[in-house]
Amino acid sequence: RKEPDIGLAPAAVTWPELLKGFGYATMLAGKWHLGTRDEFHPTRQGFDRFFGFRDGSNQPIDPRLEVDGRVRQLKGSLPDLLVDEALNFIEHNRQRPFLLSIHFRAPHTPYGPVPEEDSALYRTLDPTIPDVPGLPRERVKQLYREYYASVSSVDRNVGRLLVKLDEWRLTQRTVVIFTSDHGYMIGQHGLWHKGNAA
């Protein structure tokens, strides 16, 4: 079957649906990747608001995102845009229970470009890489620099979010769960990319 035909079954009961049933305001910012057809839309799976993209990838800078039901080309870094919108959601819902799920695209290939404040830290880094015969050392070192910069863009934005939770005095009554989509091999076993590698 083609990927557009695959999605989260509309009859599935999701945890956002359960929390919404208890009066939570709910929002998803970022990657959905559980079906691109309207029948699989996040707002049909328990999210009141969706700001993101339904397929598996996007551009790290100037992404195309669904905003209020319409896909638009936006300017800026994807992690920055997602957290900006997430902070807006929290600010408008901080007096009530809320569920905010941010699904970052980063770190996902291509890792960059990322904002200068995230990439500058690694531009001259000489990273330690796996010692594998035949590994294209300079290429793998560059991939590490790009990967670290991409991770830094997420770290910086998670930091922005946590600071605002403190400022709004929400930290003591907010549960933050941080998980990962998947990992990459960057030279391990002479391979690079995710899954079985490229």
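Bear in mind that the values here come from a model prediction, so they are computed numbers and not experimental data.

1. Some points on the packing of aromatic side chains
For the structure on display, the rule yields six aromatic pairs. Their ring planes at 85 degrees and their centres at 6.3 Å tell us that Trp32 and Phe47 sit as a pair that is edge-to-face. Here Trp32 is found in the loop between strand 1 (25-31) and strand 2 (49-53), whereas its partner Phe47 is found in the loop between strand 1 and strand 2, with 15 residues between them in sequence. The exposure class assigned to Phe47 is buried, which follows from its relative accessible area of 4%. Chaining the aromatic ring pairs together yields one cluster made of Tyr111, Tyr122, Tyr144, Tyr147 and Tyr148.

2. Section: the side chain of Asp80
Assignment of secondary structure puts Asp80 in helix 2 (residues 78-93). For Asp80, a relative accessible area of 18% gives the class buried. In this structure the side chain of Asp80 is engaged in a polar contact, spanning 2.8 Å, whose partner is the side chain of Asn157. Contacts of Asp80, omitting those with residues within four sequence positions, involve Pro115, Arg156, Asn157 and Arg160.

3. Points about the nonpolar core
In this structure, Phe51, Leu65, Phe89, Ile90, Phe98 and Leu100 are the most contacted members of the largest nonpolar core, which totals 26 residues. Among the elements of the structure, strand 1, strand 2, strand 3 (64-67), helix 2, strand 5 (98-103) and helix 4 (137-167) are those that each provide at least two residues to this core. When residues in this core are grouped by element, the largest group, eight residues, is from helix 2. Those residues in contact with Phe89 that lie beyond four places of it in its chain are Ala25, Thr26, Met27, Phe98, Leu99 and Leu100. Ranked by size, the runner-up nonpolar core spans nine residues in total, among them Leu135, Val140, Tyr144 and Ile186.

Rules and cut-offs
Residues numbered from 1 in each chain as written. Predicted model: local features only at pLDDT ≥ 70, side-chain atom pairs only at ≥ 80, totals over all residues. Heavy atoms only, no water. Phe/Tyr/Trp six-rings, centres within 6.5 Å; stacked < 30°, edge-to-face > 60°. Helix = DSSP H or I, 4+ residues; strand = E, 2+ residues; numbered from the N terminus. Buried < 20%, exposed > 50% of the residue type's maximum accessible area, 1.4 Å probe, protein only. Polar contact = N/O pair within 3.5 Å; in protein donor to acceptor, adjacent residues only side chain to side chain. Contact = heavy atoms within 4.5 Å. Core = buried A, V, L, I, M, F, W, Y, C linked by side-chain atoms within 4.5 Å.

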